[in-house]
Structures are given as C-alpha cells and as structure tokens.
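Examination of the molecular architecture
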Amino acid sequence: MLAPELLELSSDHTKAELRLVPNVHGPITRDDIMRLLSVPEFATLFPIEPAIDKIINQTNSLCHQDDGKFELFAVLAERRDGSVSVEISEDKMHASLTLTAPWGGKEVTLPDILHELKSHNVSMGLSKQRIQALLQKLHSLQPGESCQGEIALGKQPINGENALLERKVSLARERLLQPQEREDGSVDMRNLGALIMVKPKDLLMVKHCATEGAPGYNIQGQALPQKVGKDLAMQAGIGTELHPDDPNKLIASVSGQPVETRSGMNVDDVLVLKDVDVGTGHINFKGSVLISGNVSESMIVKATGDITVMGFVESATLEAGGDITVSKGVIGRQVRVNEFSTSLNAQGQISAQFVQYSQLTAKGDILVTKQLLHSNTKTAGTLTVSDPSGRRGDLVGGVAHAEKGVTAVVFGATAGTKTEVYCAMEQGELKQGLKQLDESVKAMVVASLDIEAKIKKLPPKSEWQDDPIMIEQIKIMLDEKKRILDERTREELEFDSLRQEVESYYENYRITVLKHVFLNVEFHIGQANYRSTREYGTCTISNENQEIHFDYNAKAKA
C-alpha cells in the first residue's frame, strides 16, 4: 500500500505528481494508484491512463533491480476544464449542444456556449430555456459526465396554396346520383328532380386565390424560400360575368343551365325536346340540350354545352362540349370488332345508369351507376362503375381505359367473360413533358445570364444616360430579363407539380375492387399486366416495381 505523501499537487495546483522508489515502494498495483487518486484532494482530477499504466510497469520491472534504487516521477492526473460542443445536422435545421462537467477545472458558462455557437454560425431558432436547462443539469453531473440536448431549430418554409375554383351550383350529371325519395322512404330512380337552372345574379363559382406562403430559415440564418401557390385564372364564359364588387366571384348574367368549363362556367341556352327521332331530325345546338324522353336509333345530337337525356339512348351518337348525362340507359349493338352502334363523346364527363355495346369517350370522368357491359370506354380521368352505396356496379366485357384509375363493384362475370381494364398508361408521356420543362428552364437560365453579362459590359451610366437609343435598348433588355424570369418561375412551379405526379404516379392511379373479380379479367397498369386465373375479393390493384400487386388490407372506396 502506497503512502499518501507520495502523491502531491504540482506547484501550480493543476497536476497530481507521484514520486516513488521501486525498490522501496514496489511492487505496486493499479488499485494502489487509484487509492491515492481517490483522496479528496485528487478525486476531482482527470486520471491520465497511459501515465498510470506506465508508472506501474516501470516500478514493477525495476523493483529489486540495480536501477530500482532511483526515484521515478510521473504526472498521474490533471485538472481539466468543462467543455462545450455543438453538432449541426446535415440540413442545418437542427443544432444540439453537449456539455461536459469539468475535472477540477472551470465549469462551462453561458458566454462559453455563446462563443461556441457563434463559431458555428448558429444564430437562429435558439431556445434560451433549453440552454439554461442544460446548464442547470450540468451542475449535478460527476466529473467527465455529459448532458446533451437540442437547442436550436430552423423553420421550414410554408409553401403557398394553389388557387382553387369552387363551384357553387349543381350540374346535370350530379342529379344521376341524387334520385328523389318517395314518401315511404324508397328511392324513385326514374325521378331525378327538377332540371338545374340558374337566373341572373346567381352565384356560380368562387375563386380562392393562391397564397404566397412564408419563407423559412435554417439555424445559421440562411433564408429558405417558399414555393408560391400557383394561380388559376377564373374567366367569365358565355352567360356569366365577374361580380362587379368582387372579381373572385362568378355570377350568371342570363337564365339557363350551368355548365362547368376548365376556367369557369357558362350558362347555356337550353333546347328542350321530348324525343330525338326522325320527326325532329339530327340536333346541332349552340348551348345545352335537354331531352325529356329518348334518343332513337341512328340519330345524332351535338351541343356546345351539356346534353341531358332523361330516357334512353339507343344506337345513336351524342357529342357534347360539356357533360353527357343519361338518366336511364345507353344501348347499342356490336357492328364489328371494337365498333358499336352507339357513341358518346364528351369534353366533360359522361354519366349513365346502364351502358351496353357502346363507345364512351370523355376528357372528364365516366360514371356508370349500375352496369357497364361489353363496351369500350376511354377517359383521361377516372372510371367508376358503382351506385352511391357501393353495393351494385358490374363491369363486364369490353375494354375499359381510364388514365387516373378504375373503380367497380364487380369485374368480369361468372362465365369468365374476357374483360380488359387499363389505367395509368401515360407515365412515359409525363416523363417526356418533365424533360422538356427541365430543358426549357435551363435554356431560360442561360438566356438570363446572357442578358446579365451584356448589362455588366455596358459603359458607365454617365456615358449613355442622355442617349435615347441606348436607354431604349437597355429598357428592352431589362424587360426581356423580367419576362424570362416570370416565365421561368411559372415553368418551375409546373415542373415541381409534374415531378410530384410522376414520382407518385402508381401510388395515385390504381384499380379498386369493391367486392369481386371473376376469371379472365385482364388488368393493365403501366407496363405491368395480369390476367385473373382465380376469383378475388375486395382489394386494391396497383403497379409495384412494374408488377401487378393485390392489396387486401387497403379499404376499397367507391
């Protein structure tokens, strides 16, 4: 056991110094050394492990040797000040602080922390309370122990919201999903209620303007710009006008039937007919057409607005600049392979209760509430074959092509009727559009830099400020620079929106089975395809890594 007086403080009281003679005091163990260092006078000093190991080895190797009669000297421990360190996340949005208690030295103070933060350029999002809490915790730590916590947090930018056009009136197609209720509580599918009409000054649509959002910042004070919401123009169409006191409201200027357009609404004149047959001849009307009865075989009905048929359409052709709504059925026959006697073509949506042996083409969605049989459908939107309750809706035979997804209660039939279903087939076109936008933005960046270079090469203003030709040329360059900047901003927003659509393409566009899939139904989603060789229940069908995937856990929704 070593005598306590062998270990002394250095003259400046910063180190613990050991002096011993191997032949007198050896051999020694690590426990012997640690007992000396546990004395209160030295207990708060930092043990220097290499020095401790070295003095033990030297003493024991020289013990009872000739050289063991000479005194050995070693510094076994020293005072160390507390320390502070700052860790910054890779995205510079978070900073954490680590405080270490001293070994007999100076404790960390608030000025020490502030100095360290300044050296790391941490200036924003600091929490004074969290820093003080760490300092308070530091006082209760043993020498060398540390405490750590987040003390600065950046602020993410808040992106602006895109402008939104909110329609305030119902459309003819929506009546198909709102049949009238009888007194006994049952539903009369033949009675869809009164025709939807508006009168002058009726509110048709409200524009919710795009918002700018708010910029953010990282913990080093660098601004993080937000994405400004994309504007969407609301334009007065035929029979409508902007409200004189509020340009964000669209009102009717005439009486008629409301028709939705891409940038607003029209109010169409309405041609009301009982039936369309050989007695009326073909119809070609500038406005909307309401047929309270049927459209007979071989007849053609064209309208710049909506076409609403309260009865049946049989082996006829309908073309609408708006929506086509058939309250009852659309019936045709097969003329030859993939060609039918009934054709419906709408720039808006197509809605019907029952469709058989017909060709349906729409830029908007297609809705069939009961059965879609042996027909070809093509839409840039969604195809839904279901009643409002999601209990009935059979898609059997033919080819169904809906870019943004297909929903049906039942796909196929017990007889194994061949049924083809396509969706999400245009990712390639979207990627090509994304590439073109990227190239366009890069070209505008180059053009802007070229204009800036020309401006920098201009002589001093004093040499041309009185030259009207020179002033006009500079003005043209500045105007062109602004035009390019505005166009670039617009295309960058469009690029971001399109990129998000491409990245989440197969997550958004899929096939939803509300109840059942029978045999011999072909599913095509992008390049992935699958033909059912057994029956399936409620599920969602998607493209995962270019393979068809059935998800039975997802809740199917109409």
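What you see is a predicted model; the values in this text were computed from it and never measured.

Another point: the nonpolar core. Side chains that are nonpolar tend, in soluble globular proteins, to be buried together. One finds Val 295, Leu 318 and Phe 411 to be the most contacted residues of the largest nonpolar core, which totals 60 residues. Excluding its chain neighbours within four sequence positions, the residues that come into contact with Phe 411 are Leu 395, Val 406, Val 421, Ile 511, Thr 512, Val 513, His 516, Val 517, Phe 518, Val 521 and Phe 523. Counting 20 residues, the second-largest nonpolar core is a separate cluster that includes Ala 16, Leu 36, Ile 52 and Ala 77.

With that out of the way, let us pick up the pairing of strand β24 (residues 300–303). Within a regular strand, side chains alternate between the sheet's two faces. Burial along β24 is one-sided: the residues Val 301 and Ala 303 are buried and none of Ile 300 and Lys 302 is. Note that β24 and strand β27 (residues 317–320) share four bridges and pair parallel. Looking at β27, one finds that Ala 303 is bridged to Ala 320.

Pro 27 follows Gly 26 through a cis peptide bond whose omega is -5 degrees. As for its position among the elements, Pro 27 is in the loop between α1 (22–25) and α2 (30–37). The phi dihedral of Lys 92 falls on the positive side, at around 60 degrees, and the residue is not glycine. Note that Lys 92 resides in the loop between β5 (83–88) and β6 (94–100). Positive phi is not limited to glycine here, since His 374 has a value of about 50 degrees. Position of His 374 among the secondary structure elements: in the loop between β34 (366–373) and β35 (376–379).

Attention shifts here to the sheet that holds strand β4 (residues 72–78). Read from one edge of the open sheet, four strands run β1-β2-β4-β3, paired in antiparallel fashion. Pairing within the sheet leaves two strands with one partner each, and these edge strands are β1 (7–9) and β3 (46–47). Both β1 and strand β2 (residues 15–20) contribute to a ladder of three bridges, which runs antiparallel. If you follow Leu 7 over to β2, its bridge partner there is Leu 18. In this fold helix α4 (residues 49–62) packs onto β2, β3 and β4, with an angle of close to 155 degrees to the strand it touches most, β4.

Read from one edge to the other, the open sheet built from three strands follows the order β5-β6-β7, with strand pairing classed as antiparallel. In this open sheet, the two edge strands, each paired with only one partner strand, are β5 and β7 (146–153). The mean angle between the axes of side-by-side strands here comes to 20 degrees, regardless of whether they run parallel or antiparallel. The pairing of β5 with β6 spans six bridges and is antiparallel. Counted as the bridge partner of Ser 85 is Thr 98 from β6. Running at roughly 35 degrees to β5, helix α5 (residues 110–119) makes contact with β5, β6 and β7 of the sheet. Each of β6 and β7 is contacted by helix α6 (residues 128–138), which is oriented at about 175 degrees to β7, the strand it contacts most.

Moving on to the side chain of Ser 10. Locating Ser 10 in the fold gives a position in the loop between β1 and β2. Filtering out sequence-adjacent residues up to four positions away, Ser 10 remains in contact with Lys 15 and Glu 17.

In total, this model carries 27 salt bridges according to the counting rule given. Residues Glu 150 and Arg 130 are paired through a salt bridge, measuring 3.4 Å at the closest nitrogen-oxygen approach. Taken as a pair, Glu 150 in strand β7 and Arg 130 in helix α6 lie far apart in primary sequence, 20 residues in all.

When pLDDT is averaged across the protein chain, the result is 88; 95% of the residues are at 70 or more. Within the protein chain, strand β33 (residues 358–362) carries the highest mean pLDDT (97), whereas strand β11 (residues 187–188) carries the lowest (42). Counting contacts from residues 185–194, a segment whose pLDDT is below 50, to residues more than four positions away or on other chains yields 22 contacts.

A few words now on the side chain of Thr 384. As for its placement among the helices and strands, Thr 384 is situated in strand β36 (residues 383–385). Take Thr 384: its relative accessible area is 18%, and that puts it in the buried class. Discounting chain neighbours no more than four positions away, the residues touching Thr 384 are Ile 366, Leu 367, Val 368 and Thr 407.

Right, let's get into the packing of aromatic side chains. Scanning all chains against the criterion turns up ten aromatic pairs. Consider the rings of Tyr 505 and Tyr 506, whose centres lie 5.1 Å apart with planes at 75 degrees: the pair is edge-to-face. A relative accessible area of 0% places Tyr 505 in the buried class. By relative accessible area, Tyr 506 is classed as buried at 14%.

This part is about α6. Listed as buried for α6 are Ile 131, Leu 134, Leu 135 and Leu 138. On an axial view of α6, the arc spanned by its buried residues comes to 100 degrees, and they lie on one face. Exposed residues on α6 whose side chains face more than 90 degrees from its buried face are Gln 129 and Gln 136. Where α6 is buried, its residues contact β6, α5 and β7.

How each quantity is defined
- Residues numbered from 1 in each chain as written.
- Predicted model: local features only at pLDDT ≥ 70, side-chain atom pairs only at ≥ 80, totals over all residues.
- Heavy atoms only, no water.
- Core = buried A, V, L, I, M, F, W, Y, C linked by side-chain atoms within 4.5 Å.
- Buried < 20%, exposed > 50% of the residue type's maximum accessible area, 1.4 Å probe, protein only.
- Contact = heavy atoms within 4.5 Å.
- Helix = DSSP H or I, 4+ residues; strand = E, 2+ residues; numbered from the N terminus.
- Pairing = 2+ DSSP bridges.
- Axes fitted to C-alpha atoms, helices over the stretch in contact; angles between N-to-C directions.
- Salt bridge = Lys/Arg side-chain N within 4 Å of Asp/Glu carboxyl O.
- pLDDT = per-residue confidence, 0-100.
- Phe/Tyr/Trp six-rings, centres within 6.5 Å; stacked < 30°, edge-to-face > 60°.
- Arc of directions from axis to C-beta.

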